[in-house]
Amino acid sequence: MEEKYGLLGEPIEHSLSPAMHNLWFKETVISGHYTAYSVPKPNLARTVDQLRTLGIKGFNVTFPHKTAIIPMLDEVRGTAGSIGAVNTVIQTDGQLIGYNTDGLGFYEGLRAHFPLLVKQQPSVLIIGAGGAARSVALVLAQKFETRVDITNRTFSKAVFLSEACRRFCTSDALTFQQAEEDIGRYQMVINTTSIGLNPSADQHLFRIDGAAPNTLFADLIYQPYRTAFLQEAERKGYPVMNGLPMLVFQGALAFERWTGIHPDGKKMEDYLLHTYLS
Ligand code: NDP
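Residues numbered from 1 in each chain as written. Predicted model: local features only at pLDDT ≥ 70, side-chain atom pairs only at ≥ 80, totals over all residues. Heavy atoms only, no water.

Draft legend 1. Geometry of the nonpolar core. Phe106, Ile126, Leu140, Val148, Ile150, Met188 and Ile190 are the most contacted members of the largest nonpolar core, which totals 33 residues. Those elements giving two or more residues to this core turn out to be α4 (102-113), α5 (115-119), β7 (124-127), α6 (131-144), β8 (148-151), α7 (155-165), β10 (188-191) and β11 (216-219). A total of 8 residues in this core trace back to one element, the largest contributor, which is α6. Contact partners of Met188, with chain neighbours within four places excluded, come to Leu110, Leu117, Pro122, Ser123, Val124, Leu125, Leu140, Phe144, Thr215 and Leu216. (Core = buried A, V, L, I, M, F, W, Y, C linked by side-chain atoms within 4.5 Å. Buried < 20%, exposed > 50% of the residue type's maximum accessible area, 1.4 Å probe, protein only. Helix = DSSP H or I, 4+ residues; strand = E, 2+ residues; numbered from the N terminus. Contact = heavy atoms within 4.5 Å.)

Draft legend 2. Spotlight on the pattern of salt bridges. This model, assessed by the stated rule, comprises 13 salt bridges. With its nearest N and O atoms 2.6 Å apart, the salt bridge here joins Lys236 to Glu232. Among the residues examined, Lys236 registers a relative accessible area of 39% and is labelled partly exposed. According to the relative accessible area criterion, Glu232 is buried, its value standing at 15%. Among the charged side chains, a salt-bridge network with shared partners connects Glu180, Arg207, Asp209, Glu232 and Lys236. (Salt bridge = Lys/Arg side-chain N within 4 Å of Asp/Glu carboxyl O.)

Draft legend 3. Quick look at the sheet that holds strand β5 (residues 88-92). Spatially, β2-β1-β3-β5-β6-β4 is the arrangement adopted by the 6 strands of the open sheet, whose pairing is mixed. The open sheet has two edge strands, β2 (32-38) and β4 (75-76), and neither has a second partner. Bridging between β5 and strand β6 (residues 95-99) involves 5 bridges; their strand directions are antiparallel. Note that in β6 the partner of Gln91 across the bridge is Leu96. Sitting on the sheet, helix α1 (residues 17-28) touches β1 (3-9), β2 and β3 (58-61), and the angle it makes with β2 is about 170°. (Pairing = 2+ DSSP bridges. Axes fitted to C-alpha atoms, helices over the stretch in contact; angles between N-to-C directions.)

Draft legend 4. Quick peek at the pairing of β3. Alternating residues of β3 divide into Gly58 and Asn60 and Phe59 and Val61, and every residue in both groups is buried. The pairing of β1 with β3 spans 4 bridges and is classified as parallel. Across the sheet, Leu7 pairs through a bridge with Asn60, a residue of β3.

Draft legend 5. Spatial organisation of the site of the ligand. Around the ligand there are 22 residues in total, and Ala132, Asn152, Thr154, Lys157 and Leu220 lie nearest to it. A distance of 2.9 Å separates an oxygen atom of the ligand from a polar atom in the side chain of Arg153. Summarising the interface, the protein chains cover 75% of the accessible area of the ligand, which totals 940 Å² for the free molecule. Mapped onto the shell around the ligand, the elements with two or more residues apiece are α6 and α10 (244-259). Tallied by class, the residues present in the shell around the ligand amount to 10 nonpolar, 9 polar and 3 charged. (Near = heavy atom within 4 Å. Polar contact = N/O pair within 3.5 Å; in protein donor to acceptor, adjacent residues only side chain to side chain. Areas by Shrake-Rupley, 256 points an atom, 1.4 Å probe, with all protein chains shown as cover. Nonpolar A, V, L, I, M, F, W, Y, C, P; charged D, E, K, R; others polar.)

Draft legend 6. Representation of α10. Given a rise of 1.5 Å per residue, 16 residues ought to cover 22 Å, and the 22 Å separating the end C-alpha atoms of α10 matches this to within 8%. Among the 16 residues of α10, 13 are classified as buried, and the element is accordingly described as predominantly covered. Downstream of α10 by one or two residues, Gly260 has phi in the positive range, about 85°. (Expected span 1.5 Å × (residues − 1).)

Draft legend 7. Up close: the domain arrangement of the protein. The domains assigned to the protein are domain 1 (3-100 + 247-277) and domain 2 (104-242). Distance from the C-alpha centre of domain 1 to the C-alpha centre of domain 2: 25 Å. Opposite the 16 residues of domain 1 that make contact, domain 2 presents 15 residues. Interface area, domain 1 with domain 2, both sides summed: about 1200 Å², of which 67% is carbon and sulfur. Applying the counting criterion to the domain 1 and domain 2 interface returns 0 salt bridges. (Domains from an automatic or database assignment. Buried area = accessible area lost by both parts, 1.4 Å probe.)

Draft legend 8. Spotlight on the side chain of Glu180. Relative to the assigned elements, Glu180 resides in helix α8 (residues 176-181). In contact with Glu180, other than residues within four places in its own chain, are Leu205, Phe206, Arg207 and Asp209.

Draft legend 9. Geometry of the packing of α4 against α10. Remark: α4 packs on α10, axes separated minimally by 7 Å, with the N-to-C direction vectors making an angle of 120°. The element α4 and its partner α10 pack so that their crossing is right-handed. Residue-level contacts link Asp102, Leu104, Gly105, Phe106, Glu108, Gly109, Ala112 and His113 of α4 to Pro245, Met246, Phe249, Gln250 and Leu253 of α10. Its residues placed into classes, the contact of α4 with α10 shows 7 nonpolar, 4 polar and 2 charged. (Left-handed = near helix turned anticlockwise from the far one by under 90°.)

Draft legend 10. Structural context of helix α2 (residues 44-54). Residues of α2 that are buried: Leu44, Thr47, Val48 and Leu51. The buried residues of α2 occupy an angular sector of 100° when projected down its axis, which confines them to one face. Away from its buried face by more than 90 degrees, α2 exposes Arg46 and Thr53. Elements in contact with the buried residues of α2: β1, β2, β3, β5 and β6. Following α2 by one or two positions, Gly55 has its phi on the positive side, about 80°. (Arc of directions from axis to C-beta.)

Laid out in structure tokens, this is it:
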């Protein structure tokens, strides 16, 4: 029997997740189908109940439901609890169990593209302190155990996240101005803000002059394929990484939770790039 999987969010129309997971089902010869469900905020609880009754095997959760879904689940495991956000749910014996694979997905994508940098345990600056920043910062703080500093428009959120990172590594909360002045100390700078989604907004929120040679600049956004932030870094000769590896590897980790099989992330990146993003 074909197992049901899906994605809950809104807006959801442009999501690449159905194409990605349905291709993995085909390639791994697992009988499953993944559907995107457009769910407005007031309908979330009802939709989760319906999916539970339907016997859905697993689903992903995206904007704006990652935090709101937590009280609707039976259990939250791993970093999802400390982050306060769930992006993957598995149903076993009628119980809905929530996980977060975003941060580890970022890390696995980084490892696939920049293995030497990962081995060097880089010091990291994270711009932004929203949900995605929390997932990425806490995983990198645990993996690298070096320095993960946070800068954010709303400074109190940077302080909160930096304090959480300090359980695992050195971490300071910085204003944008302080972070710009100190940029030369980092080997990796990650823009986790949503600003690049809106090409008409003022994109110059952060100056990167003075960064050390070979600093890696990353952005969690993949549509546009190169945000203004990455375009500027690329123009200045720095290596860059957009959000596509994170999308694919968080998906691969979710697929593994549901099926026990870890699919080929790098191959999927090439497929999505050539089929949907170029
Ligand atoms: P949140 O809304 O939780 O956080 C948004 C962040 O952006 C906050 O730090 C906010 O600062 C900052 N921000 C927004 N607008 C501005 C602005 N004009 N100037 C300065 N800072 C700004 O969003 P998420 O953390 O959930 O998502 C962030 C981005 O990551 C999105 O673009 C999303 O698409 C992407 N993402 C990509 C994934 C992938 O798989 N590639 C997975 C998950 C997310 P403040 O706190 O001051 O409001």
